Amino acid sequence: MIRTLIILCLSLSLISCGKVRTQRLFGKLPPLGNIAGLEEPPSAPINATELPIALRICTALGKKRAFLATSISGTTPKRIAYNFSLERKDCKQKVIETKSLIAEILSSNPDLYYSAPESTNEFIDVITDTTIALSEVCPAVIADPTKQIKNSTIPINSNKIYFVKFSHDNVSGFDSVQINTKIANSTGGYDPQDAQLVTIYTNILQVTDANNLGVEKERSQYIKCTGREYTTRKETFIRSILL
C-alpha cells in the first residue's frame, strides 16, 4: 500500500513538473504566437517607462502630420514622396517580393495616405498622431505626460480594438510603437487580425532633413497563418523626395 502511494505521488510530481516546465519555456502564448518576439500588449495602463517614449513619438508624429498637410494642401502645394524598400515573406518566411518604391503622400481630408504606382503591396496609411490606434492615446499623453492612460482603444462605430505598446532601443536609440489589432467575432469577443511594429524618427539628430521627423523609419506587419506561422510585410525608409 505504502509503495503504491509513493509511486502515485512520484507520478503526480512528474506531471506537475511537466506543467511548470512547459509554462516556463513558453509562458502565456499570445494570440499571434509570440511573433518576432512581440508579446501582446497587456490590458493595462501605459506604464511610467513608456510615457516619455509615447510623448516623443506622439509629438514627432504630430509635427509630421502638420508639415505634410500644410505642404501638400497649402496655397502653394508640393508633391512629396518617400522612398521605401519593401520586403514580403510568406507563411514559411520565404521572401516572395523585394522592391524599391516611391510612395507619394496624398490627402483625403483629414487623413494622409501613400500611393505607389509600381506596387499594390505598400502600406496605404501614413502613421500619424491621428491614426485610429493612436487617436485617443496621443492627445491624452500630450495633454498630461504623467497621467496613466489606457493602452487600448475601441473606436466608435468600429468592429475592431487596438492595443499599443511603446518601447525604446537603448542600442540604436530609436523609439517604436507596437500596434495589435483585433476584430470582433460572432461570439462577442475579438480575434487577432495583425500586429505591427513601427520605428519612428523622434530625435532631430536621427534625420538629415528636419522635415523627416516623425517618419516611419521601419514598419513591419505580421499576419497569422496557421499554428505558429505568419506572413511578414516590411518597409524601410530610404529618403524623402520632392516630386
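Provided above is the structure to which this section pertains.
We now turn to the structure provided with this report. (Residues numbered from 1 in each chain as written. Predicted model: local features only at pLDDT ≥ 70, side-chain atom pairs only at ≥ 80, totals over all residues. Heavy atoms only, no water.)

**Let's talk about the overall build of the protein**
Scanning the protein for helices and strands turns up 3 helices and 9 strands. Ordered by position in the sequence, the α and β elements of the protein form the string α-α-β-β-β-α-β-β-β-β-β-β. When each of the 243 residues of the protein is scored for burial, the buried share is 37%. Long-range pairs, those at least 24 residues apart, make up 51% of the contacts in the protein between residues at least 6 apart in sequence. As displayed, the protein offers around 13,900 Å² of accessible surface, 56% of which is attributable to carbon and sulfur atoms. (Helix = DSSP H or I, 4+ residues; strand = E, 2+ residues; numbered from the N terminus. Buried < 20%, exposed > 50% of the residue type's maximum accessible area, 1.4 Å probe, protein only. Contact = heavy atoms within 4.5 Å. Areas by Shrake-Rupley, 256 points an atom, 1.4 Å probe, with all protein chains shown as cover.)

**Some thoughts on the state of the cysteines**
Enumeration according to the criterion identifies 2 disulfides in this entry. The residue that forms a disulfide with Cys58 is Cys138, at a sulfur-sulfur distance of 2.1 Å. Between Cys58 and Cys138, the S-S dihedral sits near -75°, and the bridge is therefore left-handed. Residue Cys58 is found in helix α2 (residues 50-73), and its partner Cys138 is found in helix α3 (residues 137-143); the two are separated by 80 residues along the sequence. (Disulfide = S-S within 2.5 Å.)

**Topic: the pairing of strand β5 (residues 160-168)**
Taken together, the 2 bridges between strand β4 (residues 152-153) and β5 define a ladder with antiparallel strand orientation. Each bridged residue has a counterpart across the sheet, and for Thr153 the counterpart in β5 is Tyr162. (Pairing = 2+ DSSP bridges.)

**Observations concerning the sheet that holds strand β9 (residues 230-242)**
Read from one edge to the other, the open sheet built from 9 strands follows the order β3-β2-β1-β9-β8-β7-β6-β5-β4, with strand pairing classed as antiparallel. Whereas interior strands pair on both sides, the edge strands pair on one side only; in this sheet they are β3 (111-115) and β4. Its contacts with the sheet put α2 on β1 (80-89), β2 (95-108), β3, β5, β6 (175-184), β7 (190-200) and β8 (216-224), and the angle it makes with β5 is roughly 110°. (Axes fitted to C-alpha atoms, helices over the stretch in contact; angles between N-to-C directions.)

**A word on the packing of aromatic side chains**
Both the distance between ring centres and the angle between the ring planes are used here to describe each pair of aromatic rings. Following the criterion strictly, the structure yields 8 aromatic pairs and no others. Summarising the aromatic geometry, the rings of Tyr82 and Phe84 are spaced 6.1 Å apart at their centres and angled 85° between planes, so their arrangement reads as edge-to-face. This pair shows no difference in class: Tyr82 is buried, exactly as Phe84 is. When the centroid spacing of 5.8 Å and the interplanar angle of 75° are considered together, the rings of Tyr222 and Tyr230 count as edge-to-face. Tyr230 sits in the buried class, given a relative accessible area of 16%. (Phe/Tyr/Trp six-rings, centres within 6.5 Å; stacked < 30°, edge-to-face > 60°.)

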